[in-house]
Amino acid sequence: MTTDTDDRITKIEQRLQYVEDQLAITQLLASYGPLVDAGRADEAAALWTEDGSYHVERLAMRTPAHIAAMVRSEEHQSYLTGGSVHFLGPAWVQVEGDEATAVCESLMVLHRDGEYRINRGTASHFRLRRTAEGWRISHRESALLDGSPRARALLAP
Amino acid sequence: MTTDTDDRITKIEQRLQYVEDQLAITQLLASYGPLVDAGRADEAAALWTEDGSYHVERLAMRTPAHIAAMVRSEEHQSYLTGGSVHFLGPAWVQVEGDEATAVCESLMVLHRDGEYRINRGTASHFRLRRTAEGWRISHRESALLDGSPRARALLAP
Amino acid sequence: MTTDTDDRITKIEQRLQYVEDQLAITQLLASYGPLVDAGRADEAAALWTEDGSYHVERLAMRTPAHIAAMVRSEEHQSYLTGGSVHFLGPAWVQVEGDEATAVCESLMVLHRDGEYRINRGTASHFRLRRTAEGWRISHRESALLDGSPRARALLAP
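Here goes a summary of the coordinates provided.

**Overview of the overall build of chain A**
Within chain A one finds 5 helices and 7 strands. Listed by position from the N terminus, the elements making up chain A come as α-α-β-β-α-α-β-β-β-β-β-α. Based on the C-alpha atoms only, the size of chain A along its principal axes is roughly 70 × 30 × 30 Å. Looking at chain A as a whole, 57% of its 157 residues qualify as buried.

**A look at the nonpolar core**
Membership of the largest hydrophobic core comes to 135 residues, with the highest contact counts inside it found for Ile25 and Leu128 of chain A, Leu128 of chain B together with Ile25 and Leu128 of chain C. Those residues in contact with Leu128 of chain B, other than ones at most four positions away along the chain, are Ile25, Leu28, Asp98, Glu99, Ala100, Thr101, Ala102, Trp135, Arg136, Ile137 and Ser138 of chain B.

**Brief notes about the pairing of strand β5 (residues 99-112) of chain B**
Residues and elements named next belong to chain B. The buried fraction of β5 amounts to 12 of the 14 residues, a majority that puts the element mostly inside the structure. When strand β3 (residues 84-88) meets β5, the two strands line up antiparallel, connected through 5 bridges. Bridge pairing links Phe87 to Leu107 in β5. Here strand β4 (residues 92-96) runs beside β5; their pairing, made up of 5 bridges, is antiparallel. From the neighbouring strand, Gln94 faces β5, where its bridge partner is Thr101.

**Thoughts on the packing of helix α3 (residues 64-72) of chain C against helix α4 (residues 74-82) of chain C**
Residue and element names in this part refer to chain C. Look at α3 against α4: their axes get within 5 Å of each other, and the N-to-C directions meet at 50 degrees. As the angle between them shows, α3 and α4 are arranged oblique. From α3, Met70, Val71 and Arg72 reach across to α4, where they touch Glu74, His76 and Gln77. Taken together, the residues that form the contact of α3 with α4 break down as 2 nonpolar, 2 polar and 2 charged.

**Regarding the relation of the copies chain A and chain B**
Take chain A, turn it by 120 degrees, move it 0.0 Å along the axis, and it overlays chain B with an RMSD of 0.0 Å. Taken together, the rotation and translation relating the two chain copies correspond to the operation of a three-fold axis.

**Section: the state of the cysteines**
Among covalent bonds in proteins, the disulfide is the one between the sulfur atoms of two cysteines. The full count for this structure, using the stated rule, is 0 disulfides over all chains. Summary of cysteine pairing: Cys104 of chain A is not part of a disulfide, and the nearest cysteine sulfur, belonging to Cys104 of chain B, is at 15 Å.

**Considering the interface of chain A and chain B**
The interface is formed by 36 residues belonging to chain A together with 33 residues belonging to chain B. In total, chain A and chain B occlude about 2900 Å² of area from one another, counting both sides; carbon and sulfur atoms represent 64% of this. Contact with chain B buries surface across chain A, with Gln27, Phe87 and Tyr116 of chain A losing the most and accounting together for 24% of the total. At the surface where chain A touches chain B, the tally comes to 3 salt bridges. Asp6 of chain A is paired through a salt bridge with Arg8 of chain B; the nearest N and O atoms lie 2.7 Å apart. Across the chain A-chain B interface, the total number found is 8 residue pairs in polar contact (both at pLDDT 80 or more).

**So, α4 of chain C**
Residue and element names in this part refer to chain C. Of all the residues in α4, the buried ones are His76, Tyr79 and Leu80. Viewed end-on, α4 has its buried residues packed into an arc of 95 degrees, placing them on one side of the element. Exposed residues lying more than 90 degrees from the buried face of α4 are Glu74, Glu75 and Thr81. One or two positions beyond α4, positive phi appears at Gly83, with a value near 115 degrees.

**Comments concerning the packing of aromatic side chains**
Inspection of the entire model under this criterion finds 12 aromatic pairs over all chains. Arranged with centres 5.5 Å apart and planes meeting at 20 degrees, the rings of Trp48 of chain C and Tyr54 of chain C form a pair that is stacked. Like Trp48 of chain C, the residue Tyr54 of chain C is buried in the burial classification. Each residue in the set Tyr32, Trp48 and Tyr54 of chain A is aromatic and connected to the rest through ring pairs, giving one cluster. Stacked on the ring of Tyr32 of chain A, the Lys or Arg Arg140 of chain A has its end atom at 4.7 Å from the ring centre.

**Description of empty space enclosed by the protein**
One pass over the structure, following the stated rule, counts 9 cavities of 30 Å³ or more. In this structure, the largest cavity spans a volume of roughly 240 Å³. Thr26 and Pro90 of chain A, Thr26 and Pro90 of chain B together with Thr26 of chain C are, among the 17 residues lining the largest cavity, the residues nearest its centre. At the level of elements, α1 (3-38) of chain A, α1 (3-30) of chain B together with α1 (3-38) of chain C are the ones that each hand at least two residues to the lining of the largest cavity.

Criteria and cut-off values
Residues numbered from 1 in each chain as written. Chains lettered and ligands numbered in written order. Predicted model: local features only at pLDDT ≥ 70, side-chain atom pairs only at ≥ 80, totals over all residues. Heavy atoms only, no water. Helix = DSSP H or I, 4+ residues; strand = E, 2+ residues; numbered from the N terminus. Buried < 20%, exposed > 50% of the residue type's maximum accessible area, 1.4 Å probe, protein only. Core = buried A, V, L, I, M, F, W, Y, C linked by side-chain atoms within 4.5 Å. Contact = heavy atoms within 4.5 Å. Pairing = 2+ DSSP bridges. Axes fitted to C-alpha atoms, helices over the stretch in contact; angles between N-to-C directions. Parallel < 35°, antiparallel > 145°, perpendicular 65-115°, else oblique. Nonpolar A, V, L, I, M, F, W, Y, C, P; charged D, E, K, R; others polar. Least-squares fit on C-alpha atoms with pLDDT ≥ 70 in both. Disulfide = S-S within 2.5 Å. Buried area = accessible area lost by both parts, 1.4 Å probe. Salt bridge = Lys/Arg side-chain N within 4 Å of Asp/Glu carboxyl O. Polar contact = N/O pair within 3.5 Å; in protein donor to acceptor, adjacent residues only side chain to side chain. Arc of directions from axis to C-beta. Phe/Tyr/Trp six-rings, centres within 6.5 Å; stacked < 30°, edge-to-face > 60°. Lys NZ or Arg CZ within 6 Å of the ring centre and 35° of its normal. 1 Å grid on protein atoms, 1.4 Å probe; cavity = no way out; pocket = protein on both sides within 12 Å on 5 of 7 lines; lining within 4 Å. Points joined across faces, edges and corners; volume = space filled by probe spheres on them.

Given below as structure tokens:
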């Protein structure tokens, strides 16, 4: 094999890795809404690293076990039995080696009394890490888009 | 060409094929909302295989012709002339060879009396197949996210 | 290097380029909502080419400076301080060499009096161009999905 060929192949492998990383993260985040709206608590929690955390407003979930507990909570279960859509928009992803960040906005829609209403609009900032099992969320920080500067600050990778 | 080079290139081709498949399916599903909101009945129906079907609640569309007829129906046309947004979220896609599944949630928003309101929130499960013309939907099953266990069951690939 | 190997590698490079282009455009459009909801006027404007334009209903923004001015306008700032979600759906993208088109639908959600309501549903058609700095929007045309044939006409690449 000539050096030239080797270089071309190596460059392709690097570019392809970046593309695969972006897609893997996009897919990971695309699975969050369906998982929590289906009530699959353990699978939703497994999107995080073992030391992963999720802060949303005053609720600080410090481990995946806390995230699973949130999905199993009476409040979340009442969403499911009434009908809910955790609707995350397309993620804006930036990968740097084995770390990545992603930003997205989301709507939470609840079905009540025969009507679908937006319960909240949220800004989310994700930090992600490459693990032996693939990309996982190491931290998610979310805040309501209710005019607070804090939520707007989350909208940058 | 050394065996080593050949192996590397073959592996790249396989990885690239997977990435292209994922993107093709993502794009196919991203076109559904714009097509039905534009009233492009035949193009929307052509997202399905020739033997493709689409079940949503009590409506069983058994062929692409039935799907085109749905878009041309008086009910759907009234959505268009009033203003509608069939808003599908990012798809969660799993490809296995020439078959694939995809899951997404969606909102249907209608414009009426100068206001935009969510008419329904829906869970959709797609089965897809690779054809000579590219990926097509072989079956779509949708159900309202109104608390029914049936809708929640669709939210897994 | 054999001609056969060279051909395979060249073909891979072309396919990979197409995938990268699609993803770059998807990512560019995924950043628009977060940027304008964060009030990052210059970064939002920098998504466009230097001669880029954005027409939405009766508002014709003929340069990136006009787009930045729109984000800084009293009206847009009132959205931010009240809470807003510019929610763009997954983009339907078609790349042809150094030009591309993309189509998506979007919802603009405003937070007012403690409630989140859809302010408008919009159809958008983007023309994009490859520049030395990557893909940029050369023209965005948007119209309200309020039943007008004009908005529906934008929903095709």
